[in-house]
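# A structural walkthrough
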Amino acid sequence: LFRCQPRRFTVKNVPAFLSLTVLLLSAKASFSQTNLSPKWEELTGPDFIVAIHQSQGVCVLPFGIIEKHGPHLPLGTDLLDVRFAVMNAVRQEYAVVFPEYYFGQIFEARHQPGTVAYSLSTQLTLLQETVSEMARNGCKKIVIVNGHGGNESLLPLFAQSQMASPRDYVVYVFGLPNENVPGRPALKTPYDMHAGEVESSNMLIARPDLVHIDRATQQSGADQKRDPLPNSVYTGIWWYARFPNHYAGQGAAANQELGEFDQKEWSRQIAEALKAIKADTASLKLQNQFYEESQHPLDTNQ
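Reference entry: report on the structure contained in this document. This one's a predicted model, so the numbers in the text were calculated from it and none came from an experiment. Per chain, residues are indexed from 1 in the order of the written sequence. Local features in a predicted model are, by the rule used here, given only for residues with pLDDT of at least 70; side-chain atom pairs are given and counted only at 80 or more, and totals for whole chains, interfaces and linings are based on all residues. Side-chain metrics in this entry use all non-hydrogen atoms of the structure; hydrogen atoms and water are not considered.

On to the overall build of the chain. Helix numbers and strand numbers start at the N terminus; a helix is a DSSP run of H or I with at least 4 residues, a strand a run of E with at least 2. Looking only at helices and strands, one finds 9 helices and 4 strands in the chain. Within the span of the chain, comprising 302 residues, buried residues form 43% of the whole. Three exposure classes are used, based on accessible area relative to the maximum for each residue type with a 1.4 Å probe and protein chains only: buried under 20%, partly exposed in between, and exposed over 50%.

Set out below in structure tokens:
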């Protein structure tokens, strides 16, 4: 039998050795980070810490809804679409993505099967609790990406409500994508407001397995024109008055060309916003200044 003697290892060039060690550790960390899932729920505790640092504290809350989308699209269309766009965006500009969130405003569809419409107080409380918990976990820049038209008034209100008391984080709202983009395929239908050509095309890309185009003509998406009021007058019943089937457009006109263009452009716009938000150093500073001045309004320079 041979007895192995431990060999003594002497580092003659300490600076060089340390440099090599740092390089190897950095390479290992870089490799680990590039393979991190952006999905909050898929990360381990230790990986979550790395992910928050890699994202520079930027976390995304894709905001959908559960509602009818004509006779041919799934109830979770907005949720599925916005998460698809966000996941493609964070591949371009890494950020941590919060799990499925659909607790928004959809009172106008309560008469349709499958709609989940929480009370307004629950919507606002749950959203505040959610962003507060995100912030407690290191998300100091929280980006709510809206995927549902019915949230377009709710989310700016929520963002404005953050001014009521001091926060150590900033809430950003990314609204629905800008569709007036050069090169976009022309729409084949005269109007499209809900579950029509655009949303149906987007779902052909995001979840084609859940699209039933053959059913798109089973119900009417035409404007019933039962709202006699001018556009300057708003009532909560306006949508039901015009589109009682919760369908506004012609889903049968959906096509992959439009869907591919819109999904790619939506993701690009989100990624562009995330990049700008990462570089934003003014918002939190100004928030803190505002909070301080709001405690002493009579001392504010006039």
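For two strands to pair, DSSP has to find at least two bridges joining them. Strand order in this open sheet of 4 strands is 2-1-3-4, and the pairing throughout is parallel. Across the chains shown, the open sheet's two edge strands, defined by having one partner strand only, are strand 2 (96-97) and strand 4 (170-174). Relative to strand 3 (residues 141-146), strand 1 (residues 58-63) runs parallel, the two being bridged by 6 bridges. By the bridge assignment, Val 60 is partnered in strand 3 with Val 143. Here a residue-residue contact requires only that any non-hydrogen atoms of the pair lie within 4.5 Å. Whenever a helix is involved, its axis is fitted only over the stretch in contact; in every case the axis is a line through C-alpha atoms, and angles between N-to-C directions fall within 0 to 180 degrees. Sheet contacts for helix 8 (residues 256-279): strand 1, strand 3 and strand 4; angle to strand 3, the most-contacted strand, approximately 160 degrees.

Here we come to the pattern of salt bridges. What makes a salt bridge here is a side-chain nitrogen of Lys or Arg within 4 Å of a carboxyl oxygen of Asp or Glu, nothing more. According to the stated counting rule, one finds 11 salt bridges in the structure shown. Its salt-bridge partner being Glu 93, residue Lys 278 comes within 3.1 Å of it at the nearest N-O pair. Of this pair, Lys 278 sits in helix 8 while Glu 93 sits in the loop between helix 3 (77-92) and strand 2, and the two are 185 residues apart along the sequence. One exposure class covers both Lys 278 and Glu 93, and it is buried.

The relative placement of two aromatic rings is captured by the distance of their centres and the angle of their planes. Between the rings of Phe, Tyr and Trp (Trp by its six-membered ring), a pair exists once the centres lie within 6.5 Å; its type follows the angle of the planes, with under 30 degrees stacked, over 60 edge-to-face, and the other angles tilted. Summed over all chains, the structure comprises 10 aromatic pairs. Within the aromatic cluster, the residues linked to one another by ring pairs are Phe 63, Tyr 101, Tyr 102, Phe 103 and Tyr 118.

Let us look at the packing of helix 6 (residues 197-206) against helix 8. Running from amino to carboxyl end, helix 6 crosses helix 8 at an angle of 80 degrees, the nearest separation of the two axes being 7 Å. Of the possible angle classes, the one that applies to helix 6 and helix 8 is roughly perpendicular. When helix 6 is examined against helix 8, the residues Glu 197, Val 198, Ser 201, Asn 202, Leu 204, Ile 205 and Ala 206 are found in contact with a partner set consisting of Gln 256, Leu 258, Gly 259, Glu 260, Asp 262 and Gln 263. Gly falls in the polar group here, along with every residue not listed as nonpolar (Ala, Val, Leu, Ile, Met, Phe, Trp, Tyr, Cys, Pro) or charged (Asp, Glu, Lys, Arg). Per-class residue counts for the contact of helix 6 with helix 8 are 5 nonpolar, 5 polar and 3 charged. Angle categories are assigned with fixed cut-offs, so that under 35 degrees is roughly parallel, over 145 is roughly antiparallel, 65 to 115 is roughly perpendicular, and the rest are oblique.

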